[in-house]
Structure formats: structure tokens, C-alpha cells
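Residue strings, one per chain:
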Amino acid sequence: MKEKFLEIVNESGNLNSKLFSLSRIKILWALSELGEDGATARQIKNGLNIGSDGSTYSNLNALVEMGYLRMEKVRFESKENLELYVLTPAGLEEWNKIKNWFDMLVCEGE
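Calculation criteria
Within each chain, residue numbers correspond to sequence positions counted from 1 in written order. Residue-level local features of this predicted model are given only where pLDDT is at least 70; pairs of side-chain atoms are given and counted only at 80 or more, and the full residue set underlies all totals for whole chains, interfaces and linings. To obtain the side-chain values, all non-hydrogen atoms of the structure were used and water was disregarded. In DSSP terms, a helix is any run of H or I states spanning at least four residues, a strand is any run of E spanning at least two, and both are numbered starting from the N terminus. What counts as an axis is a line fitted to C-alpha atoms, over the stretch in contact for a helix, and the angles between N-to-C directions run from 0 to 180 degrees. Oblique is the label for every angle not falling under 35 degrees (roughly parallel), over 145 degrees (roughly antiparallel), or within 65 to 115 degrees (roughly perpendicular). Two helices that cross are described as forming a left-handed crossing if the nearer one is turned anticlockwise from the farther one by less than a right angle, and a right-handed crossing if clockwise. In what follows, residue pairs with any heavy atoms lying within 4.5 Å of each other are defined as contacts. All residues other than Ala, Val, Leu, Ile, Met, Phe, Trp, Tyr, Cys, Pro, Asp, Glu, Lys and Arg, Gly among them, are scored as polar; the first ten of these are nonpolar and the last four charged. In these notes, a set of buried Ala, Val, Leu, Ile, Met, Phe, Trp, Tyr and Cys residues joined through side-chain atoms within 4.5 Å is what counts as a nonpolar core. Each residue gets one of three labels from its accessible area relative to the maximum for its type: buried under 20%, exposed over 50%, partly exposed in between, using a 1.4 Å probe on protein chains only.

**Some thoughts on the environment of N96**
Reasoning step 1: Position of N96 among the secondary structure elements: in helix α5 (residues 89–107).
Reasoning step 2: Residues N96 and L28, spaced 68 residues apart in sequence, show a C-alpha to C-alpha distance of 9.6 Å.

**Description of the packing of helix α2 (residues 22–34) against α5**
Reasoning step 1: Closest axis-to-axis distance for the α2/α5 pair is 10 Å, and the angle between their directions is 110 degrees. Compared by their axis directions, α2 and α5 come out roughly perpendicular. As for how α2 packs across α5, the hand of that crossing is left-handed. Within the contact between the two elements, α2 uses I25, L28, W29 and S32 and α5 uses G91, L92, W95, I98 and F102.
Reasoning step 2: Per-class residue counts for the contact of α2 with α5 are seven nonpolar, two polar and no charged.

**Quick look at the nonpolar core**
In globular proteins that are soluble, nonpolar side chains generally tend to be buried together.
Reasoning step 1: Residues I27, L28, L31, I44, L60, L69 and Y85 are the most contacted members of the largest nonpolar core, which totals 18 residues.
Reasoning step 2: Where this core is concerned, the elements lending two or more residues are α2, α3 (41–48), α4 (53–65), β3 (81–87) and α5.
Reasoning step 3: Here the element with the most residues in this core is α2; it accounts for five residues.

Following this line, the structure appears as C-alpha cells:
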């Protein structure tokens, strides 16, 4: 058990500490499920129950700056351009690291 704990702690060093907020992890998870379809900020905010618009945009912008998301302007139902967020390959890779680390934590007790 002690060896497994040390493995979990050591593996955490491979993760980006800037991602460790519940909102950012939820965003990566949701966008990994949506693939190239992506989602708008409003869909992300409402679907994930993140909080205010400011909190949603702050987290989305941080993920874009880290290179984990890309933002595209799209026209939707003849309305103004909406911002669509899609997971990048780097974002998917980082999400898989986090998911594997969570799996280690969850499977630790088994």
C-alpha cells in the first residue's frame, strides 16, 4: 500500500498544477466527450453548473492560453458569432493524464 501511495504522489508531478480546479477539470472532461463538436461558453456554464459568466470565461481563457482548448467564432442560427470551444490534442493528452491519475486514486483502495 505504501508503494502505491508513493507511485500516486510521484505521478502527480507529471500533471499541470494550473489545471487543478474543479471547473477546469470539468471543462476538459466535457469537451473530451464532445470531440470536434465542442461547446459554447453558455453551454459549458449551464451544462456544468460552473457559476458566473466571468468564472466560466476566466477558466476557458486560461485553458486556451495553456493550449488545451481552441476557440473558434461560429455563426449560429443567423445570430452573431458565438465562441465555440474545442479540446486540442494537447488538451486531450493532459485530460488523459488527469483521468489516469484519478483512476490510480480510485483504484488505490481496491
